[in-house]
Amino acid sequence: RCVGGASESNAGLFHPPIPDVVDGWARDYGIDEFGADALAPHLQAVVDEIGVSRRPSGYSPASDALAAGAEAMGWRWAEIERFWRYTNPDEPGGGERQSMSETLLPAMERAGGRLMSETRIDRIVRKGRRAVAALGVSEGAPIRIEFKQLVVCAGAVQTPRLLRNSGWTHVGNELTLNPMVRIVARFPEPVNVPSFGVPVVQIEEFKPAMTLGCSYSAPPHLAMWLEGSPTDVRRSLEDWERMAVFYVKICGKGRGTVRTMPVLGDALVRYRTHSDDFAAMSLGLVRLSEALFAAGAEEVHSPLPGAAPLRSAAEAPSLQGVLNGRNASLSAIHLHSTVRMGSRDRAGADSHGRLYGADNVRVNDSSLLPTSPGVNPQGAILALARRNVLRWLDDR
């Protein structure tokens, strides 16, 4: 557990949103005063306030391999910047994560805000169209917080859960996310150096529809994505330094919902992966395997249970179309769209995050994004949040 959101534990990747995607949101979802040009100054302000940087001491060996494979295939690749301050260029992982607890939360407290950890809010008390109080538990005791204005930033799962618990049932119906499939590749030389942290190289050639990259690959992570019996996995991990995890991430066409579980009260998330997504991820596996073999991989482990590892690029096309709802071991990241902003069908909030059906409730997190941005959404979320806050201040 932490205070500060995923920025406390993830890679801190910063990727500017793709202009065509942002402009498409404005057009397709009826978002006023929005688009790539309108968001650009807020994106720059986020960079200036928090700070982003590239790795000063080179990439991890696994990242080097992915970059080499991309170049061999003639594909574009890039190092993704991070919210990170590097303090010692000679150390692979040297530096400090510019997480929210290091940057924006202290700024909030200096401005007079109060941070309450160990607190869970379960319901908002309403009087007509106005919210008047929040009910929950703080450090084991019941708590009631009264307010004039409310901003909910609990993420694409907990934000709609809280709002639905409080009577706003038009939210939580359009969950989108990025399905991922991962594979393990073995190289003739060591490529796995955990001290480098999360790899920062991605293949850009197929964005926004598809991203190819490499993941953190400590032995427990390798074990998660190696198929086979426990004995087979242990045997494979005997030379784990020569192995690394790579991934295919797509913008999923599927949709999901967020509800509250009866009795238990926790969030219940349902998501149906679209058939096109299995085809897209299978194609991504072909492309990724070709790039890894071009970079010198000796074998690529198939993500299918019981399947033999691939030994050459000539075998990569055999992964085309192999994934389906019965055999795919998928993961999912980057959840969005459960309180979608815009005027089209008034599905969530207006163009600046004010919740439809409420006079003084606003949403300001990934729930607002109409679809996947096609890249890591952290930069887009922060820029959007700044844009919305400045409008709310003007409206006071």
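Description of the structure in this document.

Cut-offs used in this document
The numbering scheme is per chain: residues are counted from 1 as the chain's sequence reads. Per-residue local features of the predicted model are confined to residues with pLDDT of at least 70, and side-chain atom pairs are confined, for both listing and counting, to 80 or more; whole-chain, interface and lining totals are unaffected and use all residues. The side-chain quantities take in all heavy atoms of the structure and omit both hydrogens and water. Secondary structure elements follow DSSP: runs of H or I of four or more residues count as helices, runs of E of two or more count as strands, with numbering from the N terminus. With the radius of gyration taken over C-alpha atoms, the globule rule is written as 2.2 Å times the number of residues to the power 0.38. Accessible area is worked out with a 1.4 Å probe on protein chains only. A residue is then buried under 20% of its type maximum, exposed over 50%, and partly exposed in between. Between two residues, a contact is recorded if the distance between any of their heavy atoms is within 4.5 Å. Here the Shrake-Rupley method, with its probe set to 1.4 Å, supplies the accessible areas, and only the displayed protein chains count as covering residues. Should DSSP find at least two bridges between two strands, the strands are taken to pair. The convention used is that axes are lines fitted to C-alpha atoms, helices contributing only their stretch in contact, and that angles between N-to-C directions extend from 0 to 180 degrees. The aromatic pairing rule takes the rings of Phe, Tyr and Trp, using the six-membered ring of Trp, and pairs them if the centres are within 6.5 Å, calling planes under 30 degrees apart stacked, those over 60 edge-to-face and the rest tilted. Among buried residues, those of type Ala, Val, Leu, Ile, Met, Phe, Trp, Tyr and Cys that are joined through side-chain atoms within 4.5 Å constitute a nonpolar core. Asp and Glu are treated as the negative residues and Lys and Arg as the positive ones, with His and the ends of the chain left uncounted. When a carboxyl oxygen of Asp or Glu lies within 4 Å of a side-chain nitrogen of Lys or Arg, that pair is called a salt bridge. Pairs of N or O atoms are called polar contacts if they sit within 3.5 Å, as long as, within protein, a hydrogen donor faces a hydrogen acceptor (for residues adjacent in sequence, only side-chain-to-side-chain pairs).

Overview of the overall build of the protein chain
- If you tally the helices and strands in the protein chain, you get nine helices and 18 strands.
- For 396 residues, the compact-globule formula gives about 21 Å, and the C-alpha radius of gyration of the protein chain, at 22 Å, lands near that figure.
- For the protein chain, the residues scored as buried account for 50% of the 396 residues in total.
- Within the protein chain, counting contacts between residues at least 6 apart in sequence, those at least 24 apart form 73% of the total.
- Entry remark: accessible area of the protein chain is about 18000 Å², with carbon and sulfur atoms responsible for 51%.

Quick word on the sheet that holds strand β6 (residues 119–127)
- The sheet built from three strands is open, its strands ordered β6-β7-β8 with antiparallel pairing. The strands lining the two open edges of the sheet, one partner per strand, are β6 and β8 (141–146). Each strand axis lies, on average, 25 degrees off the axis of its neighbour in the sheet, ignoring direction.
- Pairing geometry for strand β7 (residues 130–138) and β8, over six bridges, is antiparallel. Counterpart to Ser138 in the pairing with β8 is Ala141.

Some words on the packing of aromatic side chains
- A complete count under the given rule lists four aromatic pairs for this structure.
- Consider the rings of Phe14 and Phe83, whose centres lie 5.4 Å apart with planes at 70 degrees: the pair is edge-to-face. Residue Phe14 is found in strand β1 (residues 13–14), and its partner Phe83 is found in the loop between β3 (81–82) and β4 (84–85); the two are separated by 69 residues along the sequence.
- By relative accessible area, Phe83 is classed as buried at 2%.
- With 6.4 Å between their ring centres and 55 degrees between their planes, Phe187 and Phe246 make a pair best called tilted.

Describing the nonpolar core
- By size, the foremost hydrophobic cluster in this structure holds 40 residues, and its most contacted members are Trp25, Phe34, Ile124, Leu163, Trp168, Leu355 and Val361.
- Looking at this core, the elements with two or more residues in it are α1 (19–29), α2 (36–50), β7, β9 (150–152), α5 (155–165), β18 (361–363) and α9 (378–395).
- Once residues within four sequence positions are removed from consideration, Val361 is found in contact with Ala131, Leu150, Val152, Leu163, Trp168, Gly353, Arg354 and Leu355.
- Residues Phe206, Met210, Leu319 and Val322 belong to the second largest nonpolar core, which totals 37 residues.

Notes on the side chain of Glu79
- Mapping Glu79 onto the fold places it in strand β2 (residues 77–79).
- For Glu79, which is buried and forms no salt bridge, the nearest opposite charge comes from Arg54, at a distance of 4.1 Å.
- Among the polar contacts listed, one links the side chain of Glu79 to the backbone nitrogen of Arg55, at a separation of 2.6 Å.
- Leave out the neighbours within four places in its chain, and Glu79 touches Arg54, Arg55, Tyr59, Val200 and Val201.

Describing the pairing of β6
- As judged from the eight bridges shared by β6 and β7, these two strands associate in the antiparallel manner. Among the inter-strand pairings, Arg120 is bridged to a residue of β7, identified as Val137.
- What sits between β6 and β7 in their antiparallel hairpin is a turn of two residues, with Gly128 showing a positive phi close to 65 degrees.

Here we look at the pattern of salt bridges
- The tally for this structure, following the rule as stated, stands at 20 salt bridges.
- Where Arg27 meets Asp28, a salt bridge forms, and the shortest distance between an N and an O atom there is 3.1 Å.
- Of the charged contacts in the structure, one is a salt bridge between Arg344 and Asp345, with a shortest N-O distance of 3.9 Å.
- Given a relative accessible area of 38%, Arg344 falls into the partly exposed group.
- Put simply, Arg186, Asp239, Arg242, Glu298, Glu299 and Arg311 are held in one network by salt bridges that share partners.

Any functional reading would require information that these geometric values do not contain.
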